Amino acid sequence: MQNYPLWYYYRLLIGSIIVLAVVGALLGHVWLVLSLGLTFFVAWSIKQQHSLLKWLRNPTGAPPSADGLWGQLFDELYNRQRAHSAEIFRLRALLQRVRASAEAIPDGVIMVQNDGSIEWWNASAEKMLGLKPDDRGSALTNLIRDPKFVRYFKRGGGDSIKLSAPGREHVRLQMTLVTYNQTERLLMVRDITRLLQLEQMRQDFVANASHELRTPLTVLRGYLETILDQQERVPSFLHRPLKQMFGQSKRMGNLVEDLLLLTRLDADETDMLSSEVFVDNLMDQLVSDAQALSGEKQHRITFINEAKINLLGNPNELRSAFSNLVFNAVHYTPANGEITIRWQQEGGRLIFSVSDNGIGIDPAHIPRLTERFYRVDISRSSATGGTGLGLAIVKHVLQHHDAHLDVHSKPGQGSTFACVFPLARAATPSNP
Ligand code: ADP
């Protein structure tokens, strides 16, 4: 159908009126002929409207053909309807492809409304969580009732959590809640049973190996100590090797103890984390141990308790973490250096910090310090009997206590290692 501009139709209308008026004048009935012409036009328009309506109600196939503007209107509607159908078809195919790919994902995927009602899930989620068709629309927290999950869902997600599958204790799942628009969230579920088993095997192996090494090492160290106590009875050429053997056996002993502590930390995530830790007592003990370690190096070690508040946590773990920081300060600060230990409250945080004016650390090393076996300078670290596990232990302990480690250091000027705890870890002050 050809598209004519508006003026064409105005010209057609005026031309028709003139022709009808001329015919009416010739017949002597101008108004009658004009009225008949108008009636015919209205009747034709009603007929076109009716055919349009009929076609719109059942738009299969092409629309009825018509002349003039009506024809153009039909064609326009037909073209739009065809484009619309093609778009719907394309979107449907896309949706099917997206669904098929979501079904194929080995991880469980569940779409949830903000109010917690389940909207859609894939086959893996069905298998892992035992979802049934009736569960559509019901609350996710009714299906996964573990209080840990309920709290996680209420706070809107965050770092992944690990849980047992509902009704199947031995199956461990990792869940991550993602908010992807204003009204909906996505719960990703991964079966990590096998991964945890492997992790457990690794931990057991390290723990068993370390445990088995402990006894022979103690025997070796004991004999070496006894021999060194009676140096005068030993040929002089053996003095140096024996001292070195004793130093290295001590180092191996530290390594074994650190490995055992790390595997223990890996194993129990929530054990005894809310005992009151008496900071003053702990520090008195730590300062005197540090002074003993410093020995002839005569560091000035001071403890300043500004917070006057105790900490909630696991006393043994915290003692390990704090002593690692204090002993590191002793190891990496030259003789007569200053070491300041501070316990302070700053805003919404409790901070335990150890500052020294020792050798410091190049900024390039700082992000990697808490990696297991990472050392800035292997020779210097070995000289101190370091294992490279101390700061890994600190990081682990702090993670257990919702805290983190901040490190500030300048080579040649000194370092500050700060353990930053949330105020929720403060215990009500009391006397030991
Ligand atoms: P290590 O047992 O070797 O001391 P750590 O994990 O405790 O292992 O420390 C990692 C590295 O960080 C150390 O090798 C050392 O180079 C550096 N380091 C730790 N504390 C300090 C400090 N107070 N001053 C300078 N360097 C430090």
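Residues numbered from 1 in each chain as written. Predicted model: local features only at pLDDT ≥ 70, side-chain atom pairs only at ≥ 80, totals over all residues. Heavy atoms only, no water.

1. Comments concerning the sheet that holds strand 13 (residues 426-427)
Cut-off, in case you're wondering: For two strands to pair, DSSP has to find at least two bridges joining them. In DSSP terms, a helix is any run of H or I states spanning at least four residues, a strand is any run of E spanning at least two, and both are numbered starting from the N terminus. Any two residues having at least one pair of non-hydrogen atoms within 4.5 Å are treated as being in contact. Geometry is summarised by axes, namely lines fitted to C-alpha atoms with helices restricted to the contacting stretch, and by angles between N-to-C directions that run from 0 to 180 degrees.
Taken in spatial order, the three strands line up as 6-8-13 in an open sheet, and their pairing is antiparallel. The strands lining the two open edges of the sheet, one partner per strand, are strand 6 (275-277) and strand 13. One ladder, built from three bridges, connects strand 6 with strand 8 (residues 310-313); its direction is antiparallel. Paired with Val-277 across the bridge in strand 8 is Leu-311. In the packing of helix 10 (residues 315-331) onto the sheet, the strands contacted are strand 6 and strand 8, and the crossing angle to strand 8 comes to about 115°.

2. Examining the environment of Ile-351
What counts is decided by this rule: Relative accessibility thresholds used throughout: buried, under 20% of the residue-type maximum; exposed, over 50%; partly exposed, between the two (1.4 Å probe, protein chains only).
Counting through the fold element by element, Ile-351 comes out in strand 10 (residues 349-356). Its relative accessible area of 7% is what places Ile-351 among the buried residues. Expressed as a C-alpha distance, the spacing of Ile-351 and Pro-422, which sit 71 residues apart in the sequence, is 8.8 Å. What Ile-351 contacts, discounting residues up to four positions off in sequence, is Arg-342, Trp-343, Gln-344, Glu-346, Ala-418, Cys-419 and Val-420.

3. Concerning the sheet that holds strand 12 (residues 414-422)
Pairing within the open sheet is mixed, and its five strands lie in the order 7-9-10-12-11. Only two strands of the sheet have a single partner each, and these edge strands are strand 7 (300-305) and strand 11 (404-410). Neighbour-to-neighbour, the strand axes of the sheet open up by a mean angle of 15°, direction not taken into account. Where helix 9 (residues 279-294) meets the sheet, its contacts fall on strand 7, strand 9 (338-346) and strand 10, and the angle it forms with strand 7 comes to roughly 175°.

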